[in-house]
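Each chain, letter by letter, is given below.
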Amino acid sequence: MRYGLIFAGQGGQHAGTLRWLDDTAHTGLLRRHLGPAWRGRMADADALQRNAVAQPLLTGLSLCAWQALAAHGLPAPAVVAGYSVGELAAFSVAGVFDADTAMELAQQRAAAMDRAAADVQTGLLGVSGLPDAEIATLCHACALQIAIRSGPGSVVLGGPRAALQQAAASAQAMGGHATLLPVELASHTAWMRDAAVAFAARLHEREFHRPAVVLLSNCTGQRVPGADTARQVLAQQVDHVVRWDDAMTAMAERGVRCVLEIGAGCALARQWNTRFPGIAARAADEFHGVAAVCDWVARHAAD
C-alpha cells in the first residue's frame, strides 16, 4: 500500500473538525495537554483563530486522528509532509519526535510567533488567478512577501494588515481572487524572524531522530535526511517561504497512488486534485468515521 499523508495547517479550523474522532478512544493526547474540555474550545470562533489556541488544538487533533487510523489498521505512509504548523504532526508521525513533544512544541511555536507579532498588526492574504509576474509586482507595490507557494498563480502573501487590504483590492482589480485568511500574523515571512530564532533554540533542547519514513520539508520541498536537518528546517519554515508546490511535486514523483489529508477542512486535498488529477486525494475531515477513511485509502493505495 503506497500512499502519501499530508497534515493541514491553520485556516480551515471549525467547531466540528474531525468530529468522528470523538467516537474513538484516541483523544488522550488532547485531554492531557488541553484538558477534558478541549472540544469546547472549538465552539469559540474568535478563540479558534488565535495561535495559542489553534496551533496546539490542530496538532493534537491531527495526531489523535492518526493514532485512531493506525489502530484501525492503516499502515504507515510511503511519504509524509505537513503544511505550516502541520509539520509538527508530520514530523511526529515520521518518528522524529513523539506526540507529546509535538504538542509542547506547538505551544512554544505559537508563543514565539505571538511575541514576534506583538508590535505590529500583520496577517495573511490568499491570492490566486494572477500570473507570477503580476504577483511579484503586487508584492513590491504593497511591500508584502510571499509566505506560501501552492501552485502556478496561487500564493499566500504576508505583511501588515493595512497593506494586505490594499493588496486584496489591487489583486481583484487585476482580475485575480484575494481572501484574507483567519491567521493573525504573517507566518513564513521576515516578520517572524525573531520567532524562528526563539523556536530554533527550543528545538535544540529536544531529542530528534532520523525520520523512519520519507519526510518532506515544506520550506525546501525536499526530503529530510536526518535529525540535524529536521531541526534546521522546522525552525526555518517559521520565517521562510513554504514551498508547498515543490513538496507536492516531490510527493507525486515518489509514486504515491493516493493522498490523505489529516486536519481541518479539505483545502490541501482540493489543491492536490487540481494539480494531480490522476492521483486521488481526500481529507479525513470529509468522512464520518475511522473505518470509512481506512477503506478509502485501502481501495486507492493498493499495489
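Quick summary incoming for the structure in this document.

So, how was this worked out
- Residues numbered from 1 in each chain as written.
- Predicted model: local features only at pLDDT ≥ 70, side-chain atom pairs only at ≥ 80, totals over all residues.
- Heavy atoms only, no water.
- Disulfide = S-S within 2.5 Å.
- Buried < 20%, exposed > 50% of the residue type's maximum accessible area, 1.4 Å probe, protein only.
- Phe/Tyr/Trp six-rings, centres within 6.5 Å; stacked < 30°, edge-to-face > 60°.
- Pairing = 2+ DSSP bridges.
- Helix = DSSP H or I, 4+ residues; strand = E, 2+ residues; numbered from the N terminus.
- Contact = heavy atoms within 4.5 Å.
- Axes fitted to C-alpha atoms, helices over the stretch in contact; angles between N-to-C directions.
- Parallel < 35°, antiparallel > 145°, perpendicular 65-115°, else oblique.
- Left-handed = near helix turned anticlockwise from the far one by under 90°.
- Nonpolar A, V, L, I, M, F, W, Y, C, P; charged D, E, K, R; others polar.

1. What about the state of the cysteines?
Piece 1. What the rule picks out here adds up to zero disulfides.
Piece 2. This cysteine, Cys64, is not joined by any disulfide, and Cys294 carries the nearest cysteine sulfur, 15 Å off.
Piece 3. Classification of Cys64 by relative accessible area gives buried; the value is 0%.
Piece 4. Looking at Cys142, it has no disulfide partner, and the nearest cysteine sulfur is the one in Cys139, 8.1 Å off.
Piece 5. Among the residues examined, Cys142 registers a relative accessible area of 5% and is labelled buried.

2. Describing the packing of aromatic side chains
Piece 1. The full count for this structure, using the stated rule, is four aromatic pairs.
Piece 2. Relative to Phe276, the ring of Trp272 has its centre 4.5 Å away and its plane inclined at 45 degrees; by these criteria the two rings are tilted.
Piece 3. Given a relative accessible area of 2%, Trp272 falls into the buried group.
Piece 4. Here Phe276 falls in the buried class, since its relative accessible area comes to 17%.
Piece 5. Chaining the aromatic ring pairs together yields one cluster made of Phe91, Phe97 and Phe208.

3. Some details on the sheet that holds strand S6 (residues 177–180)
Piece 1. Taken in spatial order, the five strands make up an open sheet running S6-S3-S5-S4-S8, and their pairing is mixed. Both edges of this open sheet fall to S6 and strand S8 (242–243), since each of them pairs with a single strand only.
Piece 2. As paired strands, strand S4 (residues 145–151) and S8 are joined by two bridges and run parallel to one another. The residue bridging Arg149 from the neighbouring strand is Arg243, located in S8.
Piece 3. Strand contacts of helix H6 (residues 132–142): S4 and strand S5 (154–160), with the helix running at about 5 degrees to S5, the strand carrying the most contacts.

4. Some details on the environment of Gly176
Piece 1. Along the chain, Gly176 falls in the loop between helix H7 (161–173) and S6.
Piece 2. Its relative accessible area of 8% is what places Gly176 among the buried residues.
Piece 3. Discounting residues that sit within four places of it in the chain, Gly176 has contacts with Ser128, Gly129, Leu130 and Ala171.

5. A look at the sheet that holds strand S1 (residues 3–7)
Piece 1. In spatial order, the strands read S7-S2-S1-S9-S10; together these five strands make up an open sheet with parallel pairing. Since the sheet does not close on itself, it has two edges, and those belong to strand S7 (214–216) and strand S10 (280–283), each with one partner. Between one strand axis and the next, the sheet turns through 20 degrees on average, direction left out of account.
Piece 2. Bridging between S1 and strand S9 (residues 258–262) involves five bridges; their strand directions are parallel. When the bridges of S9 are listed, Phe7 appears paired with Ile262.
Piece 3. Packing of helix H12 (residues 290–301) onto the sheet brings it into contact with S1, S9 and S10, and relative to S9 it is tilted by some 160 degrees.

6. Looking at the packing of helix H3 (residues 51–71) against helix H5 (residues 99–116)
Piece 1. Between H3 and H5, the least distance of the axes is 8 Å, while the angle of their chain directions is 160 degrees. Taken as axis vectors, H3 and H5 run roughly antiparallel relative to one another. With respect to the hand of their crossing, H3 and H5 are arranged in right-handed fashion. On H5, the residues touching Asn51, Ala52, Gln55, Pro56, Thr59, Gly60, Leu63 and Gln67 of H3 are Ala99, Ala102, Met103, Ala106, Gln107, Arg109, Ala110, Met113 and Asp114.
Piece 2. Classifying every residue of the contact of H3 with H5 by side-chain character gives nine nonpolar, six polar and two charged.

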